[in-house]
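One letter stands for each residue in the lines below.
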Amino acid sequence: MDLSIDIEDAKKLIPFEKKEFRPGQWEAIQQTLEAIESGERYIVLNAPVGLGKSLCGYIIANVVNYSRKTKSGFPEYHTYMYTKTKQLQDQYTDEFFGVVSIKGKSAYMCSKVRFETCKNGLCTRDPSVLNECRMSNNCPYINAKQVAKRNDITVTSYAYFFT
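As a starting point, this report considers the structure included with it. These numbers come from a predicted model, not from an experiment. (Residues numbered from 1 in each chain as written. Predicted model: local features only at pLDDT ≥ 70, side-chain atom pairs only at ≥ 80, totals over all residues. Heavy atoms only, no water.)

### Observations concerning the overall build of the chain
- When helices and strands are counted, the chain shows seven helices and three strands.
- Overall, the chain shows an N-to-C arrangement of helices and strands of α-α-α-β-α-β-α-α-β-α.
- Referenced to the eigenvectors of the C-alpha coordinate spread, the extents of the chain come out at roughly 55 × 40 × 30 Å.
- Residues counted as buried form 36% of the 163 residues belonging to the chain.
- Across the chain, the fraction of contacts at a sequence separation of at least 24, relative to all contacts at a separation of at least 6, is 60%.
- Carbon and sulfur atoms make up 53% of the accessible area of the chain, which amounts to about 10,700 Å² in all.
- Across the chain, 22 positive and 18 negative side-chain charges occur, with their mean positions spaced 10 Å apart. (Helix = DSSP H or I, 4+ residues; strand = E, 2+ residues; numbered from the N terminus. Buried < 20%, exposed > 50% of the residue type's maximum accessible area, 1.4 Å probe, protein only. Contact = heavy atoms within 4.5 Å. Areas by Shrake-Rupley, 256 points an atom, 1.4 Å probe, with all protein chains shown as cover. Lys, Arg positive; Asp, Glu negative; His and termini not counted. Charge placed at Lys NZ, Arg CZ, Asp CG, Glu CD.)

### Some words on the nonpolar core
- In this structure, Phe-21, Ile-29, Leu-33, Leu-55, Tyr-58, Ile-59 and Val-99 are the most contacted members of the largest nonpolar core, which totals 23 residues.
- If you list the elements that add at least two residues to this core, you get α2 (25-37), α3 (53-67) and β3 (153-157).
- Among the elements that line this core, the one with the most residues is α3, at eight residues.
- Not counting chain neighbours up to four residues away, the residues in contact with Ile-59 comprise Ala-10, Leu-13, Ile-14, Phe-21 and Ile-29.
- Val-100, Tyr-108, Cys-123 and Ala-144 belong to the second largest nonpolar core, which has 13 residues in total. (Core = buried A, V, L, I, M, F, W, Y, C linked by side-chain atoms within 4.5 Å.)

### A word on the sheet that holds strand β2 (residues 99-101)
- Taken in spatial order, the three strands of this open sheet run β1-β3-β2, and their pairing is parallel. Strands at the two margins of the open sheet, each flanked by one partner only, are β1 (79-83) and β2. In this sheet, neighbouring strand axes are inclined to one another by 30° on average, regardless of whether the strands run parallel or antiparallel.
- In the sheet, β2 pairs with β3 via three bridges, with the strands oriented parallel. From the neighbouring strand, Val-99 faces β3, where its bridge partner is Ile-153. (Pairing = 2+ DSSP bridges. Axes fitted to C-alpha atoms, helices over the stretch in contact; angles between N-to-C directions.)

### Things to note about the side chain of Thr-32
- Relative to the assigned elements, Thr-32 resides in helix α2.
- For Thr-32, a relative accessible area of 11% puts it in the buried group.
- A distance of 2.8 Å separates the side chain of Thr-32 from the backbone oxygen of Ala-28, its partner in a polar contact. (Polar contact = N/O pair within 3.5 Å; in protein donor to acceptor, adjacent residues only side chain to side chain.)

### Here we look at the side chain of Asn-65
- For Asn-65, the location among the structural elements is in helix α3.
- Judged by relative accessible area, which is 4%, Asn-65 ranks as buried.
- At a separation of 3.1 Å, a polar atom in the side chain of Asn-65 contacts the side chain of Thr-79.
- A polar atom in the side chain of Asn-65 sits 3.2 Å from the backbone oxygen of Asp-152.

### Brief notes about a positive patch on the surface
- On the surface, Lys-105, Arg-134, Lys-145 and Lys-149 cluster together to form a positively charged patch.
- In this structure, Lys-145 sits in helix α6 (residues 140-150).
- A residue is classified by how much of its surface remains accessible, and Lys-145, at 31% relative accessible area, is partly exposed. (Patch = residues over 30% accessible without salt bridge, like charges linked within 9 Å, V, L, I, M, F, W, Y side chains within 5 Å. Salt bridge = Lys/Arg side-chain N within 4 Å of Asp/Glu carboxyl O.)

### Observations regarding α3
- Counted at 1.5 Å a residue, the expected span for α3 with its 15 residues is 21 Å, and the 21 Å between its end C-alpha atoms agrees.
- The element α3 is largely enclosed, with a buried count of 11 among its 15 residues.
- Of all the positions in α3, only Ser-54, Leu-55, Cys-56, Gly-57, Tyr-58, Ile-59, Ile-60, Ala-61, Val-63, Val-64 and Asn-65 are classed as buried.
- In this fold, the buried residues of α3 make contact with α1 (7-12), α2, β1, α4 (86-95), β2 and β3. (Expected span 1.5 Å × (residues − 1).)

### So, the environment of Ala-144
- Here Ala-144 is to be found in helix α6.
- Judged by its relative accessible area of 14%, Ala-144 falls in the buried class.
- Note: C-alpha distance between Ala-144 and Ile-36 (108 residues apart in sequence) is 29 Å.

### Observations regarding the environment of Met-135
- Its location among the elements puts Met-135 in helix α5 (residues 127-136).
- Spatially, the C-alpha atoms of Met-135 and Gln-31 are 45 Å apart, while their sequence positions differ by 104 residues.

If you want it as structure tokens, here you go:
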């Protein structure tokens, strides 16, 4: 798999008005893409606050997903990015095109019980309601989960991922 990209093409992926990389970003992107090309399956980007790891992850995900498009036009794999906070999840979805977020059930309001989250919704007490929610496409949590599974780039929290 060829993951080579020149810096000018990479800059076109930057979704901000200023199309420049901060010091260290381009090097982190290149090193990560080289590691993926060499067969590394798990890569952690550990860098100081302010480097712009979010942008690095976004650029890397787009390069990898584009290189792995199948004949149908969809990527062979999906990219999942993990954050420590819900606020950073919101930053990803607000600032980066095509990124969707999946959060825990407590972040979604139950469509069956007013003022109740999906964490304590009616379907948690009655299995028949859960089946009805799945079939009706009315549950915001189930819908968000389905969108996240189909999307090219999904962001979630470590807490959600490990539960």
